[in-house]
Structure formats: structure tokens, C-alpha cells
Amino acid sequence: MKRIYLASPHMSEGKFEEAFVQEAFDTNWVAPLGKNVDEFETEVSHLLGGRPCVALSSGTAAMHLALKNLGIQEGDYVFCQSLTFSASANPIVYEKAIPVFIDSEKETWNMDPVALREAFKTYTPKAVIVVHLYGITAKIDEIRTICAEYQVPLIEDAAESLGTIYQNQWTGTFGQQAILSFNGNKIITTSGGGMLVTSQEEQASFSRFLATQARDQAPHYQHSHIGYNYRMSNICAGIGRGQLQVLEERIEQKRHIHQRYLEGFGDIGDISLLSERLGERSNYWLSAIQITSKNVRPSMLMEALAKENIESRPVWKPMHLQPVFEDAPYFGGEVAADLFENGLCLPSDTKMTDEDIDKVIGIIRSFWE
Ligand SMILES: *Cc1c(COP(=O)(O)O)cnc(C)c1O
């Protein structure tokens, strides 16, 4: 039985990735710098309105450097969306700062501006981290307004939302800084990698400095900062350049999958699909549902799909419910917890055929028939 994946790497039919990687081999730029790295940064920057971009080894490294750029230190507070992957929050703790988690709202599943306002009444953070989960833009206008009011820099975790456009603006360009991920399961991949997107050239150059072991200008090796080995390799960047050429195609495919699910579950009142708002073009990285039925639970669907060799996944478990963050302050109610409890991410692999999608729909529908 053929396996149907949640989201797997999907190289271009034209083998564009291989051509760029071959070029790196031919020129012996098998290193964490080189033409592919420079060009990949330029090409992503071009998509993101010319914002300076720094190619890195992971999205997590990008988040870490975004915090370093803001001088986050021990004891500082950083507000962070609770419903997310742990990589959004872990770098806060790398710097011994204190995460303060914020609940989600039901429409976008992302940071609730009301809970954010509440948090500002108690804490003065050094940064706010908002996430565009599953390719859906957070309530970015409201969140930006609150951050501007308190003059606190906003960092967007756009790891899942490359290509999502809200009111003619790409996610990753709303905050002072943003991070992207090119992990194997993301909409485009470099096998593993990330990108820091900034609005200031100084931040980009400081990040490049820190990402290459913080070498001072000197004939010998001299260091006045603690650095990291966070740069993206020229081989990975070659894969990324090839993948960029099919980004729009992949978004179209993801949107087609979402549309088919929408039609497939339209008449089942117990299922609601997370969908874009008016004025938004989501990349629909993963199609995710909420199940309101008391009798049918997400775990039952997961199990039934697994029996047919189909991969699905629970919604992220909120950070404020994670054992490792049990002491962290939290603002909000039960929305993120409920989304976790009642949610399921459906297979959204761009290699799926319509028959594959219909098979998934059929298995899920059988619980209501
Ligand atoms: C994938 C992901 C990251 C981290 O990216 P890596 O490249 O895997 O380090 C961060 N935040 C979110 C929401 C993600 O989904």
C-alpha cells in the first residue's frame, strides 16, 4: 500500500535543485558560503520586498539570532504565541530570558490580540513572537498596532507561511524581523535550513557575524563576542534556489488540496477546516480541521488513517501545557488547549493525487455515515 504523507520533500520536475548543486560541486564551493548562498538570500529578499535576508542552518537558529539582534538577556521577558512548535520558544530560554505565553483566537488559531493586551498590563517584554500557523496569517494588524503602542519589536515566525499573502503583503514582512524554515516538511526545503528576514541592514550583518563564530576584523583569530556556527551550506542553498522556482506551483497544489477537503467535508457540521480570511492568499502548508463531535475524536481518525498507511498529525500542543514550560506565565483562556484537543492536521503532501485526497476524505466521512 502506497504511503500518503503529511508533507514530504518535493523536488522540481525540472531538476533545478540538482543543477544548482552540481554547479557548487563543479566550482568546489562545498562550504558554508558561496554563490548559491548569496543568490538564495537575494532571491528570497526579492520576494520579501527587498528585506535583508540571512541564510542559516535552521529556522531555530534564525529565531535565536533574531533575539540576539535585540540584545535579549537573562531575566528579560519575551511574549510568544503558545500554540506553536517548540522552536518558536526554545531560543528565548537559550538566552535565559523568560517566555510569557499568549493564547490563540479561534478565527486564525494564532495569537489573540486581547490576551496580548492583557499580558502587556503585567509585563514589559523585549519582544513579541507571533506565528502564522499552518500558513494562516495571524491578526497581524491588531498585533502590530499593540506592539507599536508599547514600542516593542515584533518577530514573525513565518516558518510555516512562506508565500502567504495578507492584504497584498507577504508574511515575513510585517514584523521588525521574521524567520523562515526550509526543513524537509516545509512548503519548500533545503533538506534543512532557515532564513532570518530583517528590516535593518545592521541586523543582517550582525547576524552574519554571529553565525560565523563572531570573528573580529584582525589578521589572527580574535573574538569579542560568543559566536555560533549557524550558516547555511552552499549545497543546501542550491537546493533552495531550485525549490524557489516551484514555490508558486507548490502553493497552487496545497490550495487545491485544501479546496478538495473543503468540498469533501462541506456537509459535515462537526468538521471545520482552518481557512484563509478575506484579503488573504494562504499557502495552506497543512490543511487542519477542528472536530466538534463528542463521539468522534481526532485520535480515532488518526488511527483509521494510519491503518491505511496515511499520515496525519495532532495540532501543536500549546507551550503553556508543556512540562518544560510549566512555570512560564500564561495569558488567555482555553482556546489553544481546545484547538489542540479537537484538532487534526490532514495529509497535505503536494505529491498526492486527487484519488489520494478522496481516499482521506472517504475514511474520515465514514465516521459520520
Ligand atoms: C519548522 C518550524 C520552526 C523551526 O524550523 P527549523 O528549521 O526546523 O529549525 C519554527 N517554528 C515553526 C512554527 C515551525 O513550524
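Residues numbered from 1 in each chain as written. Predicted model: local features only at pLDDT ≥ 70, side-chain atom pairs only at ≥ 80, totals over all residues. Heavy atoms only, no water.

Labelled according to an unreviewed UniProt entry, the chain appears under the name DegT/DnrJ/EryC1/StrS family aminotransferase, originating from Streptococcus suivaginalis. Among the UniProt annotations of the chain, the heading Sequence similarities (unreviewed entry) holds the following wording: "Belongs to the DegT/DnrJ/EryC1 family." (UniProt positions renumbered as here; feature names shortened; annotations may be inferred.)

A. Layout of the overall build of the chain. Assigned secondary structure in the chain consists of twelve helices and 15 strands. In terms of principal-axis extent, the alpha carbons of the chain reach across some 75 × 55 × 35 Å. The buried share of the chain, taken over its 369 residues, is 58%. Looking at the chain alone, contacts between residues at least 24 apart form 72% of all its contacts between residues at least 6 apart. (Helix = DSSP H or I, 4+ residues; strand = E, 2+ residues; numbered from the N terminus. Buried < 20%, exposed > 50% of the residue type's maximum accessible area, 1.4 Å probe, protein only. Contact = heavy atoms within 4.5 Å.)

B. Just the site of the ligand, in detail. Every one of the 15 residues lining the ligand counts as a neighbour, but Thr60, Asp157, Glu160, Ser181 and Lys186 are closest to it. With respect to the ligand, the side chain of Asp157 contributes an N or O atom lying 2.7 Å from a nitrogen atom. One of the side-chain nitrogen or oxygen atoms of Ser181 is found 2.7 Å away from an oxygen atom of the ligand. Split by residue class, the shell around the ligand holds four nonpolar, eight polar and three charged. (Near = heavy atom within 4 Å. Polar contact = N/O pair within 3.5 Å; in protein donor to acceptor, adjacent residues only side chain to side chain. Nonpolar A, V, L, I, M, F, W, Y, C, P; charged D, E, K, R; others polar.)

C. The arrangement of the environment of Ala288 in detail. By the secondary structure assignment, Ala288 is in strand E12 (residues 287–291). Along the sequence, Ala288 and Asn168 sit 120 residues apart, while their C-alpha atoms lie 24 Å from each other.

D. Highlighting unusual backbone geometry. The phi dihedral of Gln151 is positive, around 55°, even though this residue is not glycine. Looking at where Gln151 falls in the secondary structure, it is placed in the loop between helix H6 (140–150) and strand E5 (154–157).

E. The arrangement of the sheet that holds E5 in detail. Taken together, the eight strands give an open sheet; going across it, the order is E1-E9-E8-E5-E4-E2-E3-E14, and neighbouring strands pair in mixed fashion. Each edge of the open sheet carries a strand with a single partner, namely strand E1 (53–56) and strand E14 (330–331). With four bridges connecting them, E1 and strand E9 (residues 194–198) associate as antiparallel partners. Bridge pairing links Leu56 to Gly194 in E9. Lying over the sheet, helix H2 (residues 35–47) contacts E1, strand E8 (177–181) and E9, oriented at roughly 130° with respect to E1. Strand contacts of helix H3 (residues 59–69): E1, strand E4 (127–131), E5, E8 and E9, with the helix running at about 165° to E8, the strand carrying the most contacts. (Pairing = 2+ DSSP bridges. Axes fitted to C-alpha atoms, helices over the stretch in contact; angles between N-to-C directions.)

F. Expanded view of the sheet that holds strand E11 (residues 280–281). Read from one edge to the other, the open sheet built from three strands follows the order E7-E6-E11, with strand pairing classed as antiparallel. A strand with exactly one partner marks an edge of an open sheet, and here the two such strands are strand E7 (169–170) and E11. With two bridges connecting them, strand E6 (residues 165–166) and E11 associate as antiparallel partners. In the sheet register, Tyr166 faces E11, and the bridge partner there is Glu280.

G. View of the pairing of strand E3 (residues 98–102). With four of its five residues buried, E3 lies for the most part within the structure. The pairing of strand E2 (residues 77–81) with E3 spans five bridges and is parallel. Paired with Tyr77 across the two strands is Ile98, which belongs to E3. Note that E3 and E14 share two bridges and pair parallel. Looking at E14, one finds that Phe101 is bridged to Tyr330.

H. Geometry of the UniProt feature "active site" (unreviewed entry) in the chain. When the UniProt feature table is mapped onto this chain, "active site" (unreviewed entry) is found at Lys186. Along the chain, Lys186 turns up in the loop between E8 and E9. Using a relative accessible area of 12% as the deciding quantity, one classes Lys186 as buried. In contact with Lys186, not counting residues within four places along its chain, are Ala159, Glu160, Ser181 and Trp285. Reaching out from Lys186, the side chain makes a polar contact with the side chain of Ser181 at a distance of 3.4 Å.

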